[in-house]
Amino acid sequence: MIPGAFAYHRPKSVNEAVAMLADLGEDARALAGGHSLIPLMKLRLAAPEHLVDLAGIADLKGIREEGGDIVIGAMTTQNELIASELLAAKVPLIRETSRLIADPQVRYAGTIGGNVANGDPGNDLPAVMMCLNAVYQAAGKGGAKRFAARDFYRSAYVTALAPGDIVTAVRIPAPPAGHGAAYEKLKRKIGDYATAAAAVVLTLNGDRIGSCSIGLTNVADTPLWAEEAAKILVGSTLDAATVKKAVAAAEAITSPAADNRGPAAYRTKMAGVMLTRALARARASAK
Ligand SMILES: Cc1cc2nc3c(=O)[nH]c(=O)nc-3n(C[C@H](O)[C@H](O)[C@H](O)COP(=O)(O)OP(=O)(O)OC[C@H]3O[C@@H](n4cnc5c(N)ncnc54)[C@H](O)[C@@H]3O)c2cc1C
């Protein structure tokens, strides 16, 4: 339960952090809230020789509106996401999801940047970011970069970031006023990662679905964007037969591991149940 020895660095700017990570090379890791990295280090599943703590970089904090986008600094904590009135008004899905991450103790330290950059399929915010079509802004040796959340996740703990890149902000196109959204998460107890979870954002066109986007958590080795399932629903009234077809399409792209949360077939079915519930709640919250 005691991590290996490491040197601690605390840069004051993004440029300084990027330069440090480039100089220190493969033996260095960025440190954000530490609530994924430190447990791995304590178990000796990670043993970086250098930690580059991003906590002293003021530019990585804060939530602001820029044009039609909401921009969230990478070091914004999950608790700050919950507390933000701007997010509650413009993208309530983020508050709803953040309240389902772990427990308050974790959320006071854990950051949005760490949650989306970590690459753990059990993290809740990545599928939500795919659902919202977010873009991750990053900085690295080659300068500023941008990655669509939908193209970012390659396999468990492998993302599009190059070694030494840091995510600086998450940029979310604000969904239209009147949109409906929901995140449904099945977990064994408070503070647990999802057995399966589903995020839905939709708009209405009269009593029909005008647009729909679906993300799934912890039912494959990456978060999933269920594009085909969402397409099936557009133009429908969310009648039972169409929902059943869409749920089958979403279940078809899952490939969960069997673990102590249940066998693979159970977790796939639970993804379908979570999606059915999320669709109904998102529909009810749309205007
Ligand atoms: C008991 C417990 C329960 C939890 N339950 C959940 C849960 O239900 N749902 C959930 O989503 N999460 C859960 N978590 C994880 C938690 O949300 C973490 O805070 C989050 O996964 C990582 O964020 P962090 O800021 O703590 O990052 P850290 O742990 O500091 O870093 C995680 C990884 O991301 C990298 N990293 C961090 N920031 C950046 C950046 N800006 N750019 C590039 N790389 C970066 C680090 O190098 C490291 O590899 C739980 C954690 C614990 C301890």
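Now for a quick tour of the structure. (Residues numbered from 1 in each chain as written. Predicted model: local features only at pLDDT ≥ 70, side-chain atom pairs only at ≥ 80, totals over all residues. Heavy atoms only, no water.)

A look at the overall build of the protein
Looking only at helices and strands, one finds 12 helices and 14 strands in the protein. Its C-alpha atoms give the protein a radius of gyration of 19 Å, near enough to 19 Å, the size a compact globule of 287 residues would have. Taken along its principal axes, the extent of the C-alpha atoms in the protein is 60 × 45 × 35 Å. A separation threshold of at least 6 residues defines the contact pool for the protein, and within that pool the share at least 24 residues apart is 60%. Of the roughly 12700 Å² of accessible surface on the protein, 54% is carried by carbon and sulfur atoms. For the protein, the distance from the average site of its 32 positive side-chain charges to the average site of its 27 negative ones is 5 Å. (Helix = DSSP H or I, 4+ residues; strand = E, 2+ residues; numbered from the N terminus. Rg over C-alpha atoms; globule rule 2.2 N^0.38 Å. Contact = heavy atoms within 4.5 Å. Areas by Shrake-Rupley, 256 points an atom, 1.4 Å probe, with all protein chains shown as cover. Lys, Arg positive; Asp, Glu negative; His and termini not counted. Charge placed at Lys NZ, Arg CZ, Asp CG, Glu CD.)

As for unusual backbone geometry
Phi is positive for R44, which is not a glycine, with a value near 60 degrees. Here R44 is to be found in the loop between α2 (37-42) and β3 (50-53). Backbone geometry at Y157 places phi at a positive 65 degrees, although glycine is not the residue there. Mapping Y157 onto the fold places it in the loop between β8 (153-155) and β9 (158-159).

Quick word on the sheet that holds strand β12 (residues 196-205)
Consider a sheet: its strands pair through backbone hydrogen bonds, and that pairing is either parallel or antiparallel. A sheet is described by the order of its strands in space; here four strands give the open sequence β11-β12-β13-β14, paired in antiparallel fashion. Unpaired on one side and paired on the other, β11 (180-186) and β14 (224-225) mark the two borders of the sheet. Sheet analysis places strand β13 (residues 208-217) next to β14, joined by two bridges and oriented antiparallel. Paired with L216 across the two strands is L224, which belongs to β14. Set on the sheet, helix α12 (residues 264-285) makes contact with β11, β12 and β13; between it and β12 the angle comes to about 30 degrees. (Pairing = 2+ DSSP bridges. Axes fitted to C-alpha atoms, helices over the stretch in contact; angles between N-to-C directions.)

Quick word on the site of the ligand
What surrounds the ligand is a group of 31 residues, the closest being A30, G34, S36, T111 and D124. Within the side chain of Q78, a nitrogen or oxygen atom sits 3.1 Å from an oxygen atom of the ligand. A distance of 2.8 Å separates a nitrogen atom of the ligand from a polar atom in the backbone of V167. Starting from 960 Å² of accessible surface for the ligand in isolation, the protein chains cover 90%. Within the residue set of the shell around the ligand, elements represented by two or more residues are β2 (28-31), α7 (112-117) and β10 (166-173). Its residues placed into classes, the shell around the ligand shows 14 nonpolar, 12 polar and five charged. (Near = heavy atom within 4 Å. Polar contact = N/O pair within 3.5 Å; in protein donor to acceptor, adjacent residues only side chain to side chain. Nonpolar A, V, L, I, M, F, W, Y, C, P; charged D, E, K, R; others polar.)

A few points about the sheet that holds strand β7 (residues 143-148)
Overall, antiparallel pairing links the five strands, which are arranged β4-β5-β10-β6-β7 in an open sheet. Since the sheet does not close on itself, it has two edges, and those belong to β4 (63-66) and β7, each with one partner. Going from strand to strand, the sheet's axes swing by 25 degrees on average, the running direction of each strand aside. Of the strands in this sheet, β6 (135-140) and β10 touch helix α1 (residues 14-24), which is tilted by about 130 degrees from β10.

Digging into the pattern of salt bridges
Pairs can form between side chains of opposite charge once their charged atoms are near each other. Inspection of every chain in the model, using the stated rule, returns 17 salt bridges. With a closest N to O distance of 3.2 Å, K61 and E80 form a salt bridge. Highlighted residues: K61 in the loop between β3 and β4 and E80 in helix α3 (residues 78-83), separated in sequence by 19 residues. For E80, a relative accessible area of 31% puts it in the partly exposed group. (Salt bridge = Lys/Arg side-chain N within 4 Å of Asp/Glu carboxyl O. Buried < 20%, exposed > 50% of the residue type's maximum accessible area, 1.4 Å probe, protein only.)

Some words on the pairing of β11
The buried count for β11 comes to six of seven residues, which makes it a mostly enclosed element. Pairing of β11 with β12 involves seven bridges; the strand directions are antiparallel. Looking at the pairing, G180 lines up with L202 of β12.

Details of the nonpolar core
Counting residues in hydrophobic clusters, the biggest one holds 36 residues, and the most contacted among them are I94, M129 and Y136. Here the element with the most residues in this core is helix α8 (residues 125-131); it accounts for five residues. Core analysis: the second largest hydrophobic core is formed by 29 residues, A198, V200, A271 and A286 among them. (Core = buried A, V, L, I, M, F, W, Y, C linked by side-chain atoms within 4.5 Å.)

In short, shape yes, function no, at least from these values alone.
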